[in-house]
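# Descriptive analysis of the structure
So the chains spell out like this:
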Amino acid sequence: MASSPLNVGLIGLGTVGTQVAERMLTWQSQLARRAGMELCLRRVLVRDLAKRRAVEVDKELLTTNPADLLDDPEINVIVEVAGGEEPMRGYLERAIGAGKHVVTANKVVMAKHGPDLLDLAAEKNVDLYFEAAVGGGIPLISTFRTDLQANRIERLSAVINGTTNYVLGRMAAANLTLDEAVREAQAAGFAEADPTDDVGGFDATYKLAILGSIAYEIKVRPEDIFREGIEGIEPVDFRYARELGYAIKLIAHTQRHPGRIEARVHPAMIPLEHPLAQVEGATNAVFVEGDLVGQVLLVGQGAGGRPTASAVVGDLIDLARSIRRGVQSRPSFTFDDRVAVIPMGEVMTRAYYRIRVDDRAGVLAAIGQVYAEEGVSISSFIQKGAWVEERTAEIVVTTHPSSDASLQKARTAIAKLEPVHAVSSFLRVF
Ligand SMILES: NC(=O)c1ccc[n+]([C@@H]2O[C@H](COP(=O)([O-])OP(=O)(O)OC[C@H]3O[C@@H](n4cnc5c(N)ncnc54)[C@H](OP(=O)(O)O)[C@@H]3O)[C@@H](O)[C@H]2O)c1
(Lines give C-alpha, C1' and ligand atoms only; values in the text may rest on other atoms or scores of the structure.)
Protein backbone atom coordinates (compact mmCIF):
# COMPACT_ATOMS: atom_id res chain seq x y z
CA MET A 1 0.00 0.00 0.00
CA ALA A 2 1.34 3.43 -0.99
CA SER A 3 1.98 5.71 2.00
CA SER A 4 0.38 8.81 0.48
CA PRO A 5 -3.26 8.87 -0.67
CA LEU A 6 -4.67 9.84 -4.06
CA ASN A 7 -6.30 13.19 -3.28
CA VAL A 8 -9.44 13.75 -5.31
CA GLY A 9 -11.10 17.06 -6.19
CA LEU A 10 -14.67 16.29 -7.26
CA ILE A 11 -16.56 18.69 -9.56
CA GLY A 12 -20.31 18.07 -9.31
CA LEU A 13 -22.46 16.45 -6.66
CA GLY A 14 -25.59 15.68 -8.68
CA THR A 15 -26.93 12.35 -9.96
CA VAL A 16 -23.49 10.91 -10.71
CA GLY A 17 -21.36 12.91 -8.24
CA THR A 18 -23.53 11.79 -5.30
CA GLN A 19 -22.93 8.14 -6.17
CA VAL A 20 -19.19 8.69 -6.70
CA ALA A 21 -18.89 10.40 -3.30
CA GLU A 22 -21.05 7.74 -1.65
CA ARG A 23 -18.86 4.90 -2.93
CA MET A 24 -15.64 6.72 -2.01
CA LEU A 25 -16.87 7.48 1.50
CA THR A 26 -18.57 4.19 2.34
CA TRP A 27 -16.28 1.70 0.60
CA GLN A 28 -12.93 3.18 1.57
CA SER A 29 -11.05 0.07 2.62
CA GLN A 30 -12.16 -2.06 -0.33
CA LEU A 31 -11.24 0.68 -2.80
CA ALA A 32 -7.88 1.24 -1.09
CA ARG A 33 -7.08 -2.48 -1.24
CA ARG A 34 -7.88 -2.61 -4.96
CA ALA A 35 -6.16 0.67 -5.79
CA GLY A 36 -3.10 0.01 -3.66
CA MET A 37 -3.53 3.43 -2.06
CA GLU A 38 -6.18 5.34 -0.20
CA LEU A 39 -8.63 7.37 -2.31
CA CYS A 40 -9.29 10.56 -0.38
CA LEU A 41 -12.15 12.96 -1.21
CA ARG A 42 -10.43 16.26 -0.59
CA ARG A 43 -12.73 18.96 -2.04
CA VAL A 44 -16.09 19.13 -3.86
CA LEU A 45 -17.03 21.94 -6.25
CA VAL A 46 -20.76 22.71 -6.58
CA ARG A 47 -22.87 25.72 -7.61
CA ASP A 48 -25.08 25.94 -4.55
CA LEU A 49 -23.68 25.35 -1.05
CA ALA A 50 -27.15 25.43 0.53
CA LYS A 51 -28.65 22.65 -1.60
CA ARG A 52 -29.69 19.47 0.22
CA ARG A 53 -27.49 16.57 -0.86
CA ALA A 54 -28.42 12.91 -1.13
CA VAL A 55 -25.04 11.96 0.34
CA GLU A 56 -23.50 13.00 3.63
CA VAL A 57 -20.42 15.01 2.73
CA ASP A 58 -18.54 17.09 5.30
CA LYS A 59 -19.70 20.71 4.71
CA GLU A 60 -16.06 21.83 4.97
CA LEU A 61 -15.29 19.97 1.75
CA LEU A 62 -17.86 21.88 -0.33
CA THR A 63 -16.84 24.97 -2.25
CA THR A 64 -18.10 27.14 -5.10
CA ASN A 65 -14.61 28.36 -5.97
CA PRO A 66 -12.95 26.28 -8.71
CA ALA A 67 -9.51 27.51 -7.62
CA ASP A 68 -9.93 25.59 -4.34
CA LEU A 69 -9.55 22.42 -6.41
CA LEU A 70 -7.65 23.45 -9.51
CA ASP A 71 -4.94 25.42 -7.68
CA ASP A 72 -4.53 23.09 -4.70
CA PRO A 73 -1.17 21.36 -5.23
CA GLU A 74 -2.22 18.59 -2.82
CA ILE A 75 -5.01 17.47 -5.17
CA ASN A 76 -3.66 14.85 -7.62
CA VAL A 77 -6.78 14.17 -9.62
CA ILE A 78 -9.87 16.09 -10.74
CA VAL A 79 -13.03 14.04 -11.15
CA GLU A 80 -15.46 16.03 -13.26
CA VAL A 81 -19.11 14.92 -13.14
CA ALA A 82 -20.80 18.28 -13.67
CA GLY A 83 -21.42 18.35 -17.44
CA GLY A 84 -21.71 20.96 -20.21
CA GLU A 85 -19.00 22.31 -22.48
CA GLU A 86 -17.88 25.43 -20.61
CA PRO A 87 -16.62 26.12 -18.04
CA MET A 88 -15.79 22.40 -17.71
CA ARG A 89 -13.51 22.18 -20.77
CA GLY A 90 -11.53 25.11 -19.36
CA TYR A 91 -11.36 23.54 -15.89
CA LEU A 92 -10.07 20.26 -17.29
CA GLU A 93 -7.47 22.02 -19.44
CA ARG A 94 -6.35 24.01 -16.40
CA ALA A 95 -6.15 20.88 -14.25
CA ILE A 96 -4.10 18.98 -16.83
CA GLY A 97 -1.90 22.05 -17.37
CA ALA A 98 -1.21 22.03 -13.61
CA GLY A 99 -0.11 18.38 -13.81
CA LYS A 100 -3.27 16.85 -12.37
CA HIS A 101 -4.84 13.67 -13.67
CA VAL A 102 -8.46 13.89 -14.80
CA VAL A 103 -11.41 11.51 -14.73
CA THR A 104 -14.50 12.81 -16.50
CA ALA A 105 -18.01 11.67 -17.43
CA ASN A 106 -18.45 14.66 -19.76
CA LYS A 107 -19.38 13.45 -23.26
CA VAL A 108 -19.76 16.95 -24.72
CA VAL A 109 -16.25 17.96 -23.71
CA MET A 110 -14.74 14.62 -24.74
CA ALA A 111 -16.57 14.56 -28.11
CA LYS A 112 -15.58 18.12 -29.02
CA HIS A 113 -12.20 18.47 -27.33
CA GLY A 114 -11.15 14.94 -26.29
CA PRO A 115 -8.24 14.50 -28.74
CA ASP A 116 -6.81 17.95 -27.83
CA LEU A 117 -7.12 17.27 -24.09
CA LEU A 118 -5.57 13.81 -24.53
CA ASP A 119 -2.66 15.37 -26.45
CA LEU A 120 -2.19 17.89 -23.64
CA ALA A 121 -2.37 15.13 -21.03
CA ALA A 122 0.32 13.16 -22.89
CA GLU A 123 2.49 16.28 -23.04
CA LYS A 124 2.06 16.88 -19.32
CA ASN A 125 2.57 13.20 -18.53
CA VAL A 126 -0.75 12.83 -16.78
CA ASP A 127 -3.78 10.66 -17.48
CA LEU A 128 -7.22 11.53 -18.76
CA TYR A 129 -9.87 8.89 -18.15
CA PHE A 130 -13.39 9.08 -19.60
CA GLU A 131 -15.01 5.64 -19.37
CA ALA A 132 -18.23 7.18 -18.03
CA ALA A 133 -18.61 9.59 -20.97
CA VAL A 134 -19.96 6.81 -23.22
CA GLY A 135 -22.34 4.03 -22.28
CA GLY A 136 -22.55 4.79 -18.52
CA GLY A 137 -21.50 1.64 -16.71
CA ILE A 138 -20.66 -0.46 -19.80
CA PRO A 139 -16.89 -0.98 -20.05
CA LEU A 140 -16.32 0.43 -23.55
CA ILE A 141 -13.28 2.70 -23.48
CA SER A 142 -11.24 0.27 -21.37
CA THR A 143 -12.23 -2.54 -23.73
CA PHE A 144 -10.88 -0.61 -26.71
CA ARG A 145 -7.92 0.64 -24.69
CA THR A 146 -6.74 -2.83 -23.72
CA ASP A 147 -8.66 -5.91 -24.82
CA LEU A 148 -9.25 -4.96 -28.48
CA GLN A 149 -5.81 -3.41 -29.04
CA ALA A 150 -4.72 -6.28 -31.29
CA ASN A 151 -7.56 -5.60 -33.74
CA ARG A 152 -8.30 -3.45 -36.71
CA ILE A 153 -11.85 -2.35 -35.91
CA GLU A 154 -13.98 -2.88 -39.03
CA ARG A 155 -17.35 -1.59 -37.87
CA LEU A 156 -19.25 -0.57 -34.81
CA SER A 157 -23.04 -0.26 -34.49
CA ALA A 158 -24.67 0.89 -31.28
CA VAL A 159 -27.90 1.64 -29.51
CA ILE A 160 -26.34 4.24 -27.32
CA ASN A 161 -29.09 6.60 -26.25
CA GLY A 162 -31.36 5.10 -23.60
CA THR A 163 -33.99 7.83 -23.84
CA THR A 164 -34.73 7.32 -27.53
CA ASN A 165 -34.59 3.56 -27.13
CA TYR A 166 -37.19 3.75 -24.36
CA VAL A 167 -39.33 6.14 -26.45
CA LEU A 168 -39.14 4.01 -29.61
CA GLY A 169 -39.91 0.90 -27.55
CA ARG A 170 -43.04 2.49 -26.10
CA MET A 171 -44.16 3.75 -29.54
CA ALA A 172 -43.81 0.20 -30.86
CA ALA A 173 -45.42 -1.60 -27.93
CA ALA A 174 -48.26 0.79 -27.06
CA ASN A 175 -48.88 2.50 -30.41
CA LEU A 176 -47.99 5.88 -28.86
CA THR A 177 -47.08 9.01 -30.80
CA LEU A 178 -43.60 10.43 -30.30
CA ASP A 179 -44.94 13.20 -28.03
CA GLU A 180 -46.91 10.74 -25.90
CA ALA A 181 -43.91 8.42 -25.55
CA VAL A 182 -41.57 11.31 -24.66
CA ARG A 183 -44.00 12.50 -21.96
CA GLU A 184 -44.12 8.97 -20.56
CA ALA A 185 -40.31 8.78 -20.59
CA GLN A 186 -40.11 12.11 -18.74
CA ALA A 187 -42.56 10.86 -16.09
CA ALA A 188 -40.51 7.66 -15.69
CA GLY A 189 -37.27 9.67 -15.30
CA PHE A 190 -35.79 8.46 -18.60
CA ALA A 191 -35.94 11.82 -20.42
CA GLU A 192 -34.86 15.36 -19.59
CA ALA A 193 -37.39 18.21 -19.38
CA ASP A 194 -35.90 19.38 -22.70
CA PRO A 195 -35.44 16.15 -24.68
CA THR A 196 -33.88 17.78 -27.80
CA ASP A 197 -30.37 16.39 -27.20
CA ASP A 198 -31.69 12.84 -27.11
CA VAL A 199 -34.59 12.95 -29.59
CA GLY A 200 -32.52 14.94 -32.12
CA GLY A 201 -29.66 12.40 -31.99
CA PHE A 202 -27.11 14.92 -30.60
CA ASP A 203 -26.26 12.83 -27.52
CA ALA A 204 -25.70 9.71 -29.66
CA THR A 205 -23.54 11.78 -32.02
CA TYR A 206 -21.28 12.93 -29.17
CA LYS A 207 -20.89 9.34 -28.02
CA LEU A 208 -20.17 8.07 -31.53
CA ALA A 209 -17.54 10.80 -31.97
CA ILE A 210 -15.77 9.49 -28.87
CA LEU A 211 -16.11 5.81 -29.79
CA GLY A 212 -15.15 6.39 -33.43
CA SER A 213 -12.05 8.36 -32.41
CA ILE A 214 -10.96 5.56 -30.08
CA ALA A 215 -11.86 2.71 -32.43
CA TYR A 216 -10.11 4.14 -35.50
CA GLU A 217 -7.51 6.35 -33.79
CA ILE A 218 -8.58 9.36 -35.81
CA LYS A 219 -10.15 12.62 -34.76
CA VAL A 220 -13.86 12.08 -35.41
CA ARG A 221 -15.64 15.32 -34.53
CA PRO A 222 -19.40 15.53 -33.86
CA GLU A 223 -19.81 17.83 -36.89
CA ASP A 224 -18.25 15.15 -39.15
CA ILE A 225 -21.03 12.72 -38.27
CA PHE A 226 -24.28 12.59 -40.23
CA ARG A 227 -27.11 13.08 -37.73
CA GLU A 228 -30.84 12.63 -37.94
CA GLY A 229 -33.21 12.35 -34.95
CA ILE A 230 -36.32 10.23 -34.43
CA GLU A 231 -38.83 13.07 -34.97
CA GLY A 232 -40.20 11.76 -38.29
CA ILE A 233 -41.31 8.33 -37.10
CA GLU A 234 -45.00 7.51 -36.65
CA PRO A 235 -46.60 4.56 -34.82
CA VAL A 236 -47.67 2.89 -38.08
CA ASP A 237 -44.00 2.57 -39.14
CA PHE A 238 -43.40 0.12 -36.29
CA ARG A 239 -46.26 -2.09 -37.53
CA TYR A 240 -44.99 -2.10 -41.10
CA ALA A 241 -41.41 -2.64 -39.92
CA ARG A 242 -42.44 -5.67 -37.88
CA GLU A 243 -44.39 -7.11 -40.79
CA LEU A 244 -41.25 -6.77 -42.90
CA GLY A 245 -39.13 -8.42 -40.16
CA TYR A 246 -37.49 -5.32 -38.65
CA ALA A 247 -37.30 -3.26 -35.45
CA ILE A 248 -36.77 0.52 -35.50
CA LYS A 249 -33.84 1.83 -33.43
CA LEU A 250 -31.75 4.98 -33.26
CA ILE A 251 -28.46 3.55 -34.50
CA ALA A 252 -24.98 5.05 -34.21
CA HIS A 253 -22.83 3.40 -36.84
CA THR A 254 -19.29 3.65 -38.09
CA GLN A 255 -17.52 1.49 -40.62
CA ARG A 256 -14.04 1.33 -42.09
CA HIS A 257 -13.54 1.80 -45.84
CA PRO A 258 -10.23 2.08 -47.71
CA GLY A 259 -8.68 5.33 -46.49
CA ARG A 260 -11.98 6.66 -45.11
CA ILE A 261 -14.67 5.88 -42.56
CA GLU A 262 -18.42 6.16 -42.52
CA ALA A 263 -20.01 7.71 -39.40
CA ARG A 264 -23.73 8.26 -38.97
CA VAL A 265 -26.51 8.51 -36.40
CA HIS A 266 -30.10 8.06 -37.52
CA PRO A 267 -33.17 5.95 -36.92
CA ALA A 268 -32.95 2.71 -38.86
CA MET A 269 -34.80 -0.51 -39.47
CA ILE A 270 -32.71 -3.44 -38.32
CA PRO A 271 -33.54 -7.14 -38.75
CA LEU A 272 -35.42 -8.56 -35.75
CA GLU A 273 -32.75 -11.26 -35.36
CA HIS A 274 -29.91 -8.68 -35.05
CA PRO A 275 -28.68 -8.42 -31.43
CA LEU A 276 -29.34 -4.66 -31.40
CA ALA A 277 -33.02 -5.24 -32.24
CA GLN A 278 -33.40 -6.98 -28.89
CA VAL A 279 -32.04 -4.09 -26.82
CA GLU A 280 -35.02 -2.77 -24.91
CA GLY A 281 -35.78 0.19 -22.65
CA ALA A 282 -32.96 2.38 -21.39
CA THR A 283 -30.35 -0.32 -21.99
CA ASN A 284 -27.40 0.48 -24.27
CA ALA A 285 -25.53 -1.95 -26.50
CA VAL A 286 -22.46 -1.69 -28.70
CA PHE A 287 -21.79 -4.26 -31.40
CA VAL A 288 -18.15 -4.22 -32.50
CA GLU A 289 -16.42 -6.14 -35.24
CA GLY A 290 -12.64 -6.52 -35.17
CA ASP A 291 -10.53 -8.33 -37.77
CA LEU A 292 -9.08 -10.71 -35.15
CA VAL A 293 -11.74 -11.00 -32.48
CA GLY A 294 -14.77 -11.16 -34.79
CA GLN A 295 -18.02 -9.86 -33.34
CA VAL A 296 -18.35 -8.63 -29.76
CA LEU A 297 -21.50 -7.34 -28.08
CA LEU A 298 -21.27 -5.11 -25.01
CA VAL A 299 -24.57 -4.49 -23.21
CA GLY A 300 -25.56 -2.73 -19.98
CA GLN A 301 -26.95 0.30 -18.22
CA GLY A 302 -25.95 3.30 -20.33
CA ALA A 303 -27.01 5.89 -17.76
CA GLY A 304 -28.02 6.41 -14.15
CA GLY A 305 -26.06 7.57 -11.14
CA ARG A 306 -24.89 4.18 -9.92
CA PRO A 307 -23.80 2.59 -13.24
CA THR A 308 -22.03 5.82 -14.21
CA ALA A 309 -20.31 6.04 -10.82
CA SER A 310 -19.15 2.45 -11.37
CA ALA A 311 -17.25 3.66 -14.45
CA VAL A 312 -15.91 6.80 -12.73
CA VAL A 313 -14.63 5.04 -9.62
CA GLY A 314 -13.28 2.20 -11.77
CA ASP A 315 -11.24 4.80 -13.65
CA LEU A 316 -9.98 6.21 -10.35
CA ILE A 317 -8.79 2.78 -9.22
CA ASP A 318 -7.06 2.16 -12.55
CA LEU A 319 -5.43 5.57 -12.30
CA ALA A 320 -4.19 4.86 -8.77
CA ARG A 321 -2.75 1.53 -9.88
CA SER A 322 -0.96 3.05 -12.84
CA ILE A 323 0.47 5.82 -10.63
CA ARG A 324 1.90 3.06 -8.47
CA ARG A 325 3.33 1.30 -11.53
CA GLY A 326 4.81 4.52 -12.93
CA VAL A 327 3.50 6.99 -15.49
CA GLN A 328 5.36 5.54 -18.47
CA SER A 329 3.60 2.18 -18.32
CA ARG A 330 0.18 3.54 -19.23
CA PRO A 331 -1.34 2.93 -22.65
CA SER A 332 -2.25 6.18 -24.39
CA PHE A 333 -4.25 7.19 -27.43
CA THR A 334 -2.81 8.59 -30.63
CA PHE A 335 -5.00 10.19 -33.28
CA ASP A 336 -4.43 10.47 -36.99
CA ASP A 337 -5.91 13.56 -38.65
CA ARG A 338 -5.77 12.31 -42.20
CA VAL A 339 -8.64 9.85 -42.49
CA ALA A 340 -11.76 11.49 -43.91
CA VAL A 341 -15.37 10.77 -43.05
CA ILE A 342 -17.40 9.74 -46.12
CA PRO A 343 -20.13 12.28 -47.01
CA MET A 344 -23.57 10.78 -46.31
CA GLY A 345 -24.58 11.10 -49.97
CA GLU A 346 -21.91 8.54 -50.90
CA VAL A 347 -22.87 6.04 -48.20
CA MET A 348 -24.49 2.90 -49.59
CA THR A 349 -27.63 1.88 -47.73
CA ARG A 350 -31.02 0.28 -48.20
CA ALA A 351 -34.17 2.29 -47.50
CA TYR A 352 -37.86 2.10 -46.58
CA TYR A 353 -40.38 4.62 -47.90
CA ARG A 354 -43.99 5.02 -46.78
CA ILE A 355 -45.89 6.93 -49.44
CA ARG A 356 -49.47 8.26 -49.34
CA VAL A 357 -50.97 8.25 -52.84
CA ASP A 358 -54.23 8.59 -54.77
CA ASP A 359 -55.75 5.13 -55.06
CA ARG A 360 -55.88 4.94 -58.85
CA ALA A 361 -54.27 3.20 -61.79
CA GLY A 362 -50.78 4.17 -62.93
CA VAL A 363 -49.47 5.41 -59.58
CA LEU A 364 -47.19 2.45 -58.96
CA ALA A 365 -45.75 2.73 -62.46
CA ALA A 366 -45.00 6.44 -61.95
CA ILE A 367 -43.22 5.75 -58.65
CA GLY A 368 -41.34 2.80 -60.15
CA GLN A 369 -40.21 5.06 -62.99
CA VAL A 370 -38.63 7.52 -60.52
CA TYR A 371 -36.64 4.75 -58.81
CA ALA A 372 -35.50 3.49 -62.24
CA GLU A 373 -34.35 6.98 -63.23
CA GLU A 374 -32.31 7.30 -60.04
CA GLY A 375 -30.82 3.83 -60.52
CA VAL A 376 -32.42 2.59 -57.28
CA SER A 377 -33.38 -1.07 -57.35
CA ILE A 378 -36.60 -1.97 -55.54
CA SER A 379 -36.63 -4.90 -53.11
CA SER A 380 -40.36 -4.88 -52.22
CA PHE A 381 -43.34 -2.77 -53.25
CA ILE A 382 -46.48 -3.34 -51.16
CA GLN A 383 -49.79 -1.53 -51.02
CA LYS A 384 -50.78 -1.24 -47.37
CA GLY A 385 -53.76 0.70 -45.98
CA ALA A 386 -56.49 2.01 -48.28
CA TRP A 387 -58.82 4.85 -47.33
CA VAL A 388 -61.86 4.19 -49.50
CA GLU A 389 -63.71 7.47 -48.81
CA GLU A 390 -60.64 9.58 -49.52
CA ARG A 391 -59.65 7.25 -52.39
CA THR A 392 -56.10 7.19 -51.06
CA ALA A 393 -53.76 4.35 -50.24
CA GLU A 394 -50.40 3.82 -48.56
CA ILE A 395 -47.53 2.20 -50.38
CA VAL A 396 -44.47 0.79 -48.67
CA VAL A 397 -41.31 0.42 -50.72
CA THR A 398 -38.02 -1.10 -49.63
CA THR A 399 -34.92 -0.86 -51.79
CA HIS A 400 -31.67 -2.67 -52.40
CA PRO A 401 -28.46 -0.80 -51.46
CA SER A 402 -27.99 2.49 -53.25
CA SER A 403 -26.12 5.70 -52.56
CA ASP A 404 -27.90 7.85 -49.99
CA ALA A 405 -27.85 10.72 -52.52
CA SER A 406 -29.87 8.63 -55.04
CA LEU A 407 -32.29 7.55 -52.34
CA GLN A 408 -32.85 11.19 -51.33
CA LYS A 409 -33.30 12.32 -54.93
CA ALA A 410 -35.91 9.60 -55.43
CA ARG A 411 -37.63 10.70 -52.21
CA THR A 412 -37.85 14.32 -53.42
CA ALA A 413 -38.97 13.37 -56.94
CA ILE A 414 -41.66 10.97 -55.68
CA ALA A 415 -43.04 13.64 -53.34
CA LYS A 416 -43.49 15.90 -56.38
CA LEU A 417 -45.49 13.35 -58.43
CA GLU A 418 -49.05 14.51 -59.03
CA PRO A 419 -50.84 11.48 -57.48
CA VAL A 420 -48.54 11.45 -54.42
CA HIS A 421 -49.80 13.20 -51.30
CA ALA A 422 -46.62 12.77 -49.26
CA VAL A 423 -43.60 10.59 -48.61
CA SER A 424 -44.76 10.19 -45.03
CA SER A 425 -41.72 8.32 -43.82
CA PHE A 426 -38.19 7.52 -44.96
CA LEU A 427 -35.95 5.19 -42.98
CA ARG A 428 -32.62 3.62 -43.76
CA VAL A 429 -32.50 -0.16 -43.50
CA PHE A 430 -29.52 -2.10 -42.10
N1 LIG B 1 -26.88 11.11 -15.13
C2 LIG B 1 -26.47 10.11 -15.91
O3 LIG B 1 -27.13 9.07 -16.02
C4 LIG B 1 -25.18 10.22 -16.68
C5 LIG B 1 -24.71 9.13 -17.42
C6 LIG B 1 -23.49 9.22 -18.11
C7 LIG B 1 -22.81 10.42 -18.08
N8 LIG B 1 -23.31 11.47 -17.38
C9 LIG B 1 -22.56 12.70 -17.39
O10 LIG B 1 -22.16 13.01 -16.06
C11 LIG B 1 -22.13 14.41 -15.88
C12 LIG B 1 -22.99 14.78 -14.68
O13 LIG B 1 -24.32 14.36 -14.91
P14 LIG B 1 -25.41 14.40 -13.73
O15 LIG B 1 -26.61 13.70 -14.28
O16 LIG B 1 -24.82 13.93 -12.46
O17 LIG B 1 -25.72 15.97 -13.66
P18 LIG B 1 -26.52 16.75 -12.50
O19 LIG B 1 -27.35 15.82 -11.71
O20 LIG B 1 -27.19 17.89 -13.19
O21 LIG B 1 -25.37 17.31 -11.54
C22 LIG B 1 -24.47 18.28 -11.95
C23 LIG B 1 -23.64 18.71 -10.76
O24 LIG B 1 -22.63 19.57 -11.21
C25 LIG B 1 -22.65 20.78 -10.48
N26 LIG B 1 -22.32 21.86 -11.40
C27 LIG B 1 -22.86 22.10 -12.61
N28 LIG B 1 -22.28 23.16 -13.18
C29 LIG B 1 -21.37 23.62 -12.30
C30 LIG B 1 -20.45 24.70 -12.30
N31 LIG B 1 -20.36 25.54 -13.34
N32 LIG B 1 -19.65 24.86 -11.24
C33 LIG B 1 -19.73 24.01 -10.19
N34 LIG B 1 -20.56 22.96 -10.14
C35 LIG B 1 -21.37 22.78 -11.17
C36 LIG B 1 -24.05 20.92 -9.93
O37 LIG B 1 -23.99 21.69 -8.74
P38 LIG B 1 -25.30 22.01 -7.85
O39 LIG B 1 -25.74 20.66 -7.32
O40 LIG B 1 -24.84 22.91 -6.78
O41 LIG B 1 -26.32 22.60 -8.78
C42 LIG B 1 -24.43 19.45 -9.69
O43 LIG B 1 -24.02 19.04 -8.42
C44 LIG B 1 -22.57 15.01 -17.22
O45 LIG B 1 -21.45 15.29 -17.99
C46 LIG B 1 -23.37 13.90 -17.84
O47 LIG B 1 -23.40 13.98 -19.26
C48 LIG B 1 -24.47 11.40 -16.67
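Residues numbered from 1 in each chain as written. Predicted model: local features only at pLDDT ≥ 70, side-chain atom pairs only at ≥ 80, totals over all residues. Heavy atoms only, no water.

For residues other than glycine, phi is negative in most cases, and the peptide bonds are mostly trans. Cis rather than trans, the peptide bond between Glu86 and Pro87 has omega equal to 10°. Positionally, Pro87 belongs in the loop between β4 (77-80) and α4 (88-97). One non-glycine residue, Asn125, lies in the positive phi region at around 60°. With respect to the helices, strands and loops of the structure, Asn125 is situated in the loop between α5 (107-124) and β6 (128-129). Using a relative accessible area of 37% as the deciding quantity, one classes Asn125 as partly exposed. A positive phi is found at Asn175, a non-glycine position, where the angle reads about 60°. Counting through the fold element by element, Asn175 comes out in the loop between α7 (162-174) and α8 (178-187). (Helix = DSSP H or I, 4+ residues; strand = E, 2+ residues; numbered from the N terminus. Buried < 20%, exposed > 50% of the residue type's maximum accessible area, 1.4 Å probe, protein only.)

Before going further, it helps to spend a moment on the pairing of strand β12 (residues 294-301). Regular strands place their side chains on alternate faces of the sheet. Summarising the sheet, strand β11 (residues 283-290) and β12 pair through eight bridges and their orientation is antiparallel. Each residue of the ladder has a partner; that of Ala285, found in β12, is Val299. The hairpin turn running from β11 into β12, its antiparallel successor, is three residues long. (Pairing = 2+ DSSP bridges.)

What follows is about the domain arrangement of the protein chain. Note on interface size: it is often stated as the accessible area lost on association of the parts. Segmentation of the protein chain into domains returns domain 1 (6-137 + 305-329), domain 2 (141-301) and domain 3 (346-429). Computed from C-alpha atoms alone, the centre-to-centre distance between domain 1 and domain 3 is 52 Å. (Domains from an automatic or database assignment.)

To continue, consider the environment of Tyr352. Within the element layout of this structure, Tyr352 appears in strand β14 (residues 348-358). Residues in contact with Tyr352, not counting those within four places in the same chain, are Asp237, Tyr240, Leu244, Met269, Val396, Val397, Thr398, Ser425, Phe426, Leu427 and Val429. At a separation of 2.7 Å, a polar atom in the side chain of Tyr352 contacts the side chain of Asp237. (Contact = heavy atoms within 4.5 Å. Polar contact = N/O pair within 3.5 Å; in protein donor to acceptor, adjacent residues only side chain to side chain.)

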